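# Secondary and tertiary structure notes
Read off the chains here:
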Amino acid sequence: MTYSFVVEPLAVQDFESEDERIERCKEWNLLPGSATRVKTYLYKRQGLTLPCEIIGFVDNQTVVVQFENKQQHCIHPAYLKEMQTASFGQRAQAAADARSEDPAEAAGEELLENQPVEEVRGEADVEGAGSAGAAGGDTAERSESGIAAEGVSATETAAPAEKLRKPAASKKKPALQLPEDKLKVTAVVKEFTTVPNHFSDNDDEVIIYDNVAIEGHELAIDEVWSSHSATLKKLELKEGDPVSFEAKIVAKKLSQHPVKYKINNPSKMKVIQPDS
């Protein structure tokens, strides 16, 4: 049996180890801090309750789960967490009942359902994903497919084309073409900081790097950022440390900072020791 609602990932970033999968699930608030293994999660939709497991991710706001029939599906981690609550199905059913009683609202949702789903933009903020995930129904479906993850509400999706059209006189710089493969990078740790996490009581810890050099490529990237994960904390990095690592670089702006590019899933990171 296959599920028609599935939003299959175009590319999945695999976990390098079971420890990394556990740490990532803790960062997404899908596991408590004391957890030592990953659990099986429940995906709830239209009366279905399907066991699934987290097998990878597209980016830090898009988890990839796999059902028992081996189909893979993209979902926001905050929405998956909502599904684990006992009251989730009751809220979704109450919202569906309310829509069926209001013909005008039902017609509006039908209009939204027929709108084309936009691709996830690399530099999108994550604000608004939590509220879209909690709403359930059609709006929740859009959250899973990436619209809520980029902070675009259903109202904005249905806005007139004139509102989204930019003035003809404006000249936008062409987007930087980033390689899709992992790159060998050297950089310098510039700053440790935090950014708000709208789905957690705690802020996210991040690292900003400057003096970025990419082996075999000349890209106009001076600064990048990454999550300060438990794996990186073991290196006990300090500001000013020159480091080398392998990672994929994506266009994703750091909230409240002018850093436009993020390194995803850095591996083989080490401090570059001065020549003796």
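See above for the structure.
Residues numbered from 1 in each chain as written. Predicted model: local features only at pLDDT ≥ 70, side-chain atom pairs only at ≥ 80, totals over all residues. Heavy atoms only, no water.

Before going further, it helps to spend a moment on helix α1 (residues 18-27). Residues of α1 that are buried: Glu20, Arg21, Ile22, Arg24, Cys25 and Lys26. Asn29 sits one or two residues past α1 and shows a positive phi near 60°. (Buried < 20%, exposed > 50% of the residue type's maximum accessible area, 1.4 Å probe, protein only. Helix = DSSP H or I, 4+ residues; strand = E, 2+ residues; numbered from the N terminus.)

Taken as a whole and assessed by the stated rule, the structure comprises eight salt bridges. One salt bridge in this structure joins Lys182 and Glu16, with 3.1 Å as the shortest N-O distance. Taken as a pair, Lys182 in the loop between α8 (161-164) and β6 (183-195) and Glu16 in the loop between β1 (13-14) and α1 lie far apart in primary sequence, 166 residues in all. Take Lys182: its relative accessible area is 39%, and that puts it in the partly exposed class. Between Lys268 and Glu246 there is a salt bridge, and its shortest N-O distance comes to 3.7 Å. Residue Lys268 is found in strand β10 (residues 261-271), and its partner Glu246 is found in strand β9 (residues 242-251); the two are separated by 22 residues along the sequence. The class for Lys268 is exposed, based on a relative accessible area of 63%. Each member of the salt-bridge network shares a partner with another, and the members are Glu18, Arg21 and Glu53. (Salt bridge = Lys/Arg side-chain N within 4 Å of Asp/Glu carboxyl O.)

This next bit is on the nonpolar core. With 25 residues, the main nonpolar core has Tyr41, Tyr43, Ile54, Val65, Phe67, Ile75 and Leu80 as its most contacted residues. Where this core is concerned, the elements lending two or more residues are α1, β2 (41-45), β3 (48-59), β4 (62-67) and α2 (77-83). Looking at this core, the element that brings in the most residues is β3, giving four residues. Not counting the four nearest positions on each side in its chain, Leu80 is found in contact with Leu30, Tyr41, Leu42, Ile54, Val65 and Ile75. One finds Leu232, Val243, Phe245 and Ile263 within the second-largest nonpolar core, a separate group that totals 19 residues. (Core = buried A, V, L, I, M, F, W, Y, C linked by side-chain atoms within 4.5 Å. Contact = heavy atoms within 4.5 Å.)

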